[in-house]
Amino acid sequence: MATTSTRLSKQARREQLLNTAVAIVRAQGTDGLTLVTLAEAAGVSRPIVYDHFGTRPGLLLALYRRLDERHRAAIAQALQEAGPTADEVARLIGTAYFACATDMPELAAVSAALKGDPEMEAIQREMLDRYTELVAAALSRYSGLPPEALRLRCVGVLGAAEAMAAELNRGRASTDAAVATLTDLIMGSLNARAGR
């Protein structure tokens with residue numbers, strides 16, 4: 001039985017469109033993703049895509065949010081399975097982070113496509129804050145640092161993780177090396193004395 005664009009709920013249609021958008025970005029990069037190419041690839045009319053996203057930046061922002069939420073959820077899930085030591089937690093953070101970075105390379109591509117967009121900058125700050133809170137909460141029981149000092153160190157560690165993920169996706173580092181390096185950075189930040 002053939003389906004038509006009116007048979008899916010609005011939320012199910014949005015999910016279908018975002019799944020299709022990910023496939024387009026994987027195959028063609030962000031330059032290949034427009035509202036028109038999305039409509040064609042998803043087999044829906046252009047007004048349906050415009051109704052969901054309005055503009056290309058709106059589409060890219062929705063895609064970025066979705067990918068980031070999946071990335072954060074994967075790390076939160078991994079942390080629930082972490083062992084009792086700081087080293088195990090640090091290693092799990094690194095393993096989950098780089099697994100997501102390699103499984104979802106389009107996150108960096110979408111982020112790059114939105115550079116200079118004020119709304120994107122606000123969203124990225126919001127996402128970094130959520131990520132930082134997640135990592136700081138996981139590490140807080142292993143650190144004697146004041147919460148603000150630990151939070152700032154987590155910002156630094158996550159910045160390093162992002163840079164290492166780019167190296168990993170370029171084939172200039174191995175997953176094992178990236179995980180080991182991030183684990184060392186996390187452990188070093190827990191053990192270092194608090195700054196002024």
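Model, not experiment: these values are computed from the prediction.

S.K.: It is not clear to me how the environment of Ala86 should be interpreted in this structure. Could you clarify?
M.R.: Examined against the element boundaries, Ala86 turns out to sit in helix H5 (residues 86-103). The exposure class assigned to Ala86 is buried, which follows from its relative accessible area of 14%. As for Ala86 and Ile186, which are separated by 100 residues in sequence, their C-alpha atoms are 9.0 Å apart. Those residues in contact with Ala86 that sit more than four places away from it in its chain are Tyr142, Met187 and Leu190.

S.K.: Where do I start with the packing of H5 against helix H9 (residues 175-191) in this structure?
M.R.: Helix packing geometry: the angle between the two helix axes and the distance between the axes. Where H5 meets H9, the closest approach of the two axes is 8 Å, and the angle between their N-to-C directions is 135°. Taken together, the axes of H5 and H9 lie oblique to each other. The element H5 and its partner H9 pack so that their crossing is right-handed. Contacts between H5 and H9 involve Ala86, Asp87, Ala90, Arg91, Ile93, Gly94, Thr95 and Phe98 from the first element and Ala178, Val179, Ala180, Leu182, Thr183, Ile186, Met187 and Leu190 from the second. Broken down by class, the residue content of the contact of H5 with H9 amounts to 11 nonpolar, three polar and two charged.

S.K.: Would you explain the confidence of the model for the protein chain in this entry?
M.R.: Detail in the predicted coordinates should be disregarded across regions flagged by low pLDDT. Of all residues in the protein chain, 94% attain a pLDDT of 70 or more, and the chain-wide mean is 89. Mean pLDDT values for the elements of the protein chain range from 84 in helix H6 (residues 106-113) up to 97 in helix H2 (residues 35-42). Scored below 50 in pLDDT, residues 1-5 makes six contacts in the model with residues more than four places away or belonging to other chains.

S.K.: Is there a simple way to explain the nonpolar core in this structure?
M.R.: It is characteristic of soluble globular proteins that their nonpolar side chains tend to be buried jointly. Grouped together as the largest cluster of nonpolar side chains are 33 residues, with contacts concentrated most on Tyr97, Phe98, Leu139 and Ile186. Elements that contribute at least two residues to this core include exactly helix H4 (56-80), H5, helix H7 (118-139), helix H8 (147-169) and H9. With residues near it in sequence (within four places) discarded, Phe98 still touches Ala161, Met164, Ala165, Leu168, Ala178, Val179 and Leu182. Counting 30 residues, the second-largest nonpolar core is a separate cluster that includes Leu17, Val49, Phe53 and Met127.

S.K.: Explanation requested: the pattern of salt bridges in the structure shown.
M.R.: Close approach of charged atoms allows side chains of opposite charge to pair. Inspection of every chain in the model, using the stated rule, returns 10 salt bridges. For Arg26, the salt bridge is made with Glu106, and the minimal N-O distance between the two is 2.6 Å. Remark: Glu106 occurs in helix H6 and Arg26 occurs in helix H1 (residues 10-28); sequence separation between them is 80 residues. What makes Arg26 exposed here is its relative accessible area of 52%.

The rules behind the values
- Residues numbered from 1 in each chain as written.
- Predicted model: local features only at pLDDT ≥ 70, side-chain atom pairs only at ≥ 80, totals over all residues.
- Heavy atoms only, no water.
- Helix = DSSP H or I, 4+ residues; strand = E, 2+ residues; numbered from the N terminus.
- Buried < 20%, exposed > 50% of the residue type's maximum accessible area, 1.4 Å probe, protein only.
- Contact = heavy atoms within 4.5 Å.
- Axes fitted to C-alpha atoms, helices over the stretch in contact; angles between N-to-C directions.
- Parallel < 35°, antiparallel > 145°, perpendicular 65-115°, else oblique.
- Left-handed = near helix turned anticlockwise from the far one by under 90°.
- Nonpolar A, V, L, I, M, F, W, Y, C, P; charged D, E, K, R; others polar.
- pLDDT = per-residue confidence, 0-100.
- Core = buried A, V, L, I, M, F, W, Y, C linked by side-chain atoms within 4.5 Å.
- Salt bridge = Lys/Arg side-chain N within 4 Å of Asp/Glu carboxyl O.

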